[in-house]
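# Coordinate analysis (summary)
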2 protein chains.
Amino acid sequence: MKHSDLPLNKVLLGDCIETMESLPEGSVDMIFADPPYNLQLKGDLHRPNNTKVDAVDDDWDQFESFQAYDEFSKRWLKAARRLLKPDGTMWVIGSYHNIFRVGSILQDLGFWMLNDVIWRKTNPMPNFRGRRFTNAHETMIWVAKDKDARYRFNYEAMKSLNDDLQMRSDWTLPICSGGERLKKDGVKAHPTQKPESLLYRVVLSSTQPGDVILDPFFGTGTTGAVAKKLGRNWIGLDQDKDYAEMAERRILRVKPIEDLELLRTESKRSAPRIPFGSVVERGMLKPGDVLYDGRRRYSAKVRADGTLVTADFKGSIHQTGAFVQKAPSCNGWQFWHVEQKGQLVCIDAFRERLRAELN
Amino acid sequence: MKHSDLPLNKVLLGDCIETMESLPEGSVDMIFADPPYNLQLKGDLHRPNNTKVDAVDDDWDQFESFQAYDEFSKRWLKAARRLLKPDGTMWVIGSYHNIFRVGSILQDLGFWMLNDVIWRKTNPMPNFRGRRFTNAHETMIWVAKDKDARYRFNYEAMKSLNDDLQMRSDWTLPICSGGERLKKDGVKAHPTQKPESLLYRVVLSSTQPGDVILDPFFGTGTTGAVAKKLGRNWIGLDQDKDYAEMAERRILRVKPIEDLELLRTESKRSAPRIPFGSVVERGMLKPGDVLYDGRRRYSAKVRADGTLVTADFKGSIHQTGAFVQKAPSCNGWQFWHVEQKGQLVCIDAFRERLRAELN
DNA sequence: TTGTTTTCTGAATCGACGC
DNA sequence: TGCGTCGATTCAGAAAACA
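Throughout what follows, the structure given in this document is the object of discussion. (Residues numbered from 1 in each chain as written. Chains lettered and ligands numbered in written order. Predicted model: local features only at pLDDT ≥ 70, side-chain atom pairs only at ≥ 80, totals over all residues. Heavy atoms only, no water.)

## Examining the protein's contact with DNA strand D
Residue and element names in this part refer to chain A. Rule in force here: Near is defined per residue: the residue qualifies when any heavy atom it owns lies within 4 Å of the molecule or strand. We define a polar contact as two N or O atoms separated by no more than 3.5 Å, with the added condition that, inside protein, one atom must be a possible hydrogen donor and the other a possible acceptor, whereas residues neighbouring each other in sequence contribute only through side-chain atom pairs. Here a helix means four or more residues in a row that DSSP labels H or I, a strand means two or more in a row labelled E, and each is numbered from the N terminus. The residue classification treats Ala, Val, Leu, Ile, Met, Phe, Trp, Tyr, Cys and Pro as nonpolar and Asp, Glu, Lys and Arg as charged. All others, Gly included, are polar.
Close to DNA strand D lie 23 residues, the nearest being Tyr155, Lys159, Arg273, His318 and Arg351. The protein-proximal atoms of DNA strand D, defined as those within 4 Å of the protein, are 61% sugar or phosphate. Take Gln166: an N or O atom from its main chain is 3.0 Å from a phosphate oxygen of DNA strand D. Contact distances for DNA strand D include 2.6 Å between a phosphate oxygen and a side-chain N or O atom of His318. Mapped onto the surface near DNA strand D, the elements with two or more residues apiece are helix H4 (155-161) and helix H9 (317-325). Looking at the surface near DNA strand D element by element, the count peaks at three residues for H4. For the surface near DNA strand D, a count of residues per class yields six nonpolar, 11 polar and six charged.

As structure tokens, then:
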């Protein structure tokens, strides 16, 4: 799949399900969807008979409208699943009115749940009647296409964004207001415009520059604006011409971050692999040098071929570390140290030095 | 319905669905349920230090399929619905593995959703493999029996509990540990014991003294312990004799609180931690912006993930500040400034602004 | 006795790659 | 596709151990 086969960085007007079905299979890296939940379905539904409405019928009404919502959800989620690349992921946001239905259907369709992420609003609408808890959050579900997908998660970038602590499943962010909120004739243009900060974190966590991000319920185009800012491609679907025009105008004004280096998310995972043997080969350690664990409980000797040897074991730095600790596994780079000027220095420092040479 | 028709303040041993079906219809004011989560774990998980994570692998959490789990859920939820008084409410807690299925079924059965409430854990288990966001919350769904029910919500009590601000739908509470955690021979007695603080808030918000509270998955009896403490009646159902005995012994030791004022939580919380990443995410600084120290001796560029970069270093605001000064450590918030209208402004000002939003 | 450091643990759907 | 090998990965709070 080449990007050139896709209508990139524009809004496609029309029914989102039909549009998705017309786009090439397995072509999209990530989907962000903010589906409607207040469908005005009642008029379209046919009760099996025309009997007078009573309490029982009320229940029936409710059931039938859930069923209609489920049908709609299944259709667009199936179309979305078809569009996703095998290792692509999808985010769906909703509230308690619809998110449980969406979540169940996602599981039924074979999507694999990675996280449910809570958007905690710093400034939610208060509850006026005092009959419930202030509804101060929305829920996002993040899924991979299936259980074994090798999806993208920019762990280190998320950790950096959170002061070097793992990013949690609850995100505290304000709602979209002030200058960021699109207005038309002085009133808000769209009822559910999402804040760019929310999309920033979504996009930064699960895509890389150049990826294709699709939003089937584009609205005022927050997904596109953030995608452009972060150097990703976007495709917006919407059936409302006014929204589509507003979104395109909005995104036109967005300036991408130019220096791609600033966008690159660090991933230790993709750092070049350094075999321990090269540390010996390069003379940073010599055969016969003695390694210790951090507290000098264990020791081992370096051999010329980059293995270690103890009184009763021979093997890689990892195997030997695991053996002396009687542990199932061990990261030898972190475990072993060498004495330099009376201090124990972790051998991982040698690996870092070799990596720096390669960069 | 008189209370005398009910087996109050004891644990009923056996299958919870059968037991519920044997109790009188419309007799219970509130139900709190912590059903099996249907975790689908396979293989062991080790921490980075090679210790094994003690996961939930109990028989009662094993279901063959989503369908089997749904059938089970429908059965117990129907039985629970029959037991509830017309104006009673029910709470169900779960995680992303099961809560979407439970939520859908609740809606299908005609329950009326009042809130979904997020329990944010202050001290969740971290994510060891770095492949997801740290799963730091669980979800509770609070429902009335139907749309027009005149359910109980102690609005003022909740507001008082929250420093005279409306109680929100996200609750920040620690997990159950330390002395509160029931142990048997030194190891945790139950894999999923809930903290009493969580149940305090549930019970205090939606019941009044003298009410009957039923828990169909009683386990070690946290619901009963809190109910007794708060002067409510409780009924616990469980099929495990050991758990039942442990719970009864535990509740026997509980002393009811006479002065409810004591339950007020002093929540003059310390200043919330603001990661530098949020300043970028929120657009207060943009990737590529240049930061200087107060005397413009050093400069660094902001990256998209909230790290800084200089000619020969990349890292957090603190690490980078320390590096350029060749100092062992540095408070980046105080050290770095940005030029605005020709003036250097300390980036700590941004942190203050974000803190103010969190009030 | 008191302050400091180390250890332990909690509802977890938790790898990638080559042969 | 299945299996073995290599290698990457943790935060907060309480309790225990130690100084």
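Moving on, there is more to tell.
## Digging into the side chain of His190 of chain B
Residue and element names in this part refer to chain B. The condition is simple: Any two residues whose heavy atoms approach within 4.5 Å at even a single point are treated as in contact.
Relative to the helices and strands, His190 resides in the loop between strand S8 (187-188) and helix H5 (196-206). Within the local environment of His190, its side chain forms a polar contact with the backbone nitrogen of Thr192, the two atoms lying 3.1 Å apart. Excluding anything up to four places from it in sequence, His190 contacts Trp60, Arg181, Gly219, Thr220 and Tyr243.

## Notes on the packing of aromatic side chains
Which entries qualify depends on this criterion: What counts as a ring pair is set by centres within 6.5 Å for rings of Phe, Tyr and Trp (its six-membered ring), and what kind of pair is set by the plane angle: stacked under 30 degrees, edge-to-face over 60, tilted for all other angles. Residue burial is assigned from relative accessible area. The probe radius is 1.4 Å, only protein chains are included, and a residue is buried under 20% of its type maximum, exposed over 50%, and partly exposed in between. We count a charge as sitting over a ring when the NZ of a lysine or the CZ of an arginine lies within 6 Å of the ring centre and within 35 degrees of the ring normal.
Evaluation of the coordinates by the stated rule reveals 37 aromatic pairs over all chains. Judged by centre distance (5.6 Å) and plane angle (90°), the rings of Trp142 of chain A and Tyr151 of chain A are edge-to-face. Assessed through its relative accessible area of 0%, Trp142 of chain A is described here as buried. Each ring, one from Trp142 of chain A and one from Phe133 of chain B, has its centre 5.6 Å from the other, and the planes form 65°; the classification is edge-to-face. Within this pair, whereas Trp142 of chain A is found in strand S5 (residues 137-144), its partner Phe133 of chain B is found in the loop between strand S4 (112-121) and strand S5 (137-144), the two belonging to separate chains. Comparing Trp142 of chain A with Phe133 of chain B shows no difference in burial state: the two are buried. A network of ring pairs unites the aromatic residues Trp91, Trp142, Tyr151, Phe153, Tyr155 and Trp171 of chain A together with Phe133 of chain B as a single cluster. A cation over an aromatic ring shows up here: Arg81 of chain A above the ring of Phe111 of chain A, its NZ or CZ 5.1 Å from the ring centre. Looking at Lys147 of chain B, its charged tip hangs above the ring of Trp112 of chain B, at a distance of 5.5 Å from the centre.

## Looking at the sheet that holds strand S14 (residues 313-315) of chain B
Residues and elements named next belong to chain B. Counted only if it meets this: Any two strands are treated as partners once DSSP identifies two or more bridges connecting them. Every axis corresponds to a line fitted to the C-alpha atoms, with the helix fit spanning only the stretch in contact, and the corresponding angles, defined between N-to-C directions, vary from 0 to 180 degrees.
Taken together, the six strands give an open sheet; going across it, the order is S14-S13-S12-S11-S15-S16, and neighbouring strands pair in antiparallel fashion. Each end of this open sheet is capped by a strand with a single partner; those strands are S14 and strand S16 (343-346). Looking at each pair of strands side by side, their axes are set apart by 35° on average, direction ignored. Looking at chain direction, strand S11 (residues 290-293) and strand S15 (residues 336-340) are connected through three bridges and run antiparallel.

## So, helix H3 (residues 99-108) of chain B
Taking burial as the measure, the 10 residues of H3 of chain B include nine buried ones, the bulk of the element. Positive phi appears at Gly110 of chain B, one or two residues downstream of H3 of chain B, with a value of about 100°.

## Here we look at empty space enclosed by the protein
Rule in force here: Definitions used throughout: a 1 Å grid over protein atoms alone; a cavity as a set of points that fits a 1.4 Å probe which cannot get out; a pocket as an open set with protein on both sides within 12 Å along at least five of seven lines; a lining residue as one with an atom within 4 Å of a point. Grid points are joined across faces, edges and corners, and a volume is the space filled by probe spheres set on the points.
Under the defined criterion, the tally for this structure stands at three cavities of 30 Å³ or more. In this structure, the largest cavity spans a volume of roughly 50 Å³. Residues that form the lining of the largest cavity fall into these classes: two nonpolar, four polar and two charged. Put simply, the second largest cavity is a space of about 40 Å³. Mapped onto the lining of the second largest cavity, the elements with two or more residues apiece are helix H3 (99-108) and strand S4 (112-121) of chain A together with H3 and S4 of chain B. In terms of residue class, the lining of the second largest cavity is made up of six nonpolar, two polar and two charged.

## A closer look at the protein's contact with DNA strand C
Residue and element names in this part refer to chain B. Surrounding DNA strand C, one finds 41 residues, the nearest of these being Arg47, Tyr96, Met125, Arg129 and Arg181. Sugar plus phosphate: this is where 47% of the atoms of DNA strand C within 4 Å of the protein reside. One of the backbone N or O atoms of Gly43 is found 3.5 Å from a base nitrogen in DNA strand C. Between a base oxygen of DNA strand C and a side-chain N or O atom of Arg132, the distance comes to 3.2 Å. Here the surface near DNA strand C is composed, by residue class, of 19 nonpolar, eight polar and 14 charged.

## Quick notes on the nonpolar core
Using the following cut-off: Grouping buried Ala, Val, Leu, Ile, Met, Phe, Trp, Tyr and Cys residues that are joined through side-chain atoms within 4.5 Å yields what is termed a nonpolar core.
Ranked by internal contacts, the top residues of the largest apolar core, which has 72 residues, are Trp76 and Met90 of chain A together with Trp76 and Met90 of chain B. Discounting chain neighbours no more than four positions away, the residues touching Met90 of chain A are Ile31, Trp76, Leu77, Ala80, Leu84, Leu106, Phe111, Ile141, Trp142 and Val143 of chain A. Membership of the second largest hydrophobic core comes to 62 residues, among which are Ala244 and Ile257 of chain A together with Phe276 and Val302 of chain B.

Functional significance is not addressed by these values, which are geometric in nature.
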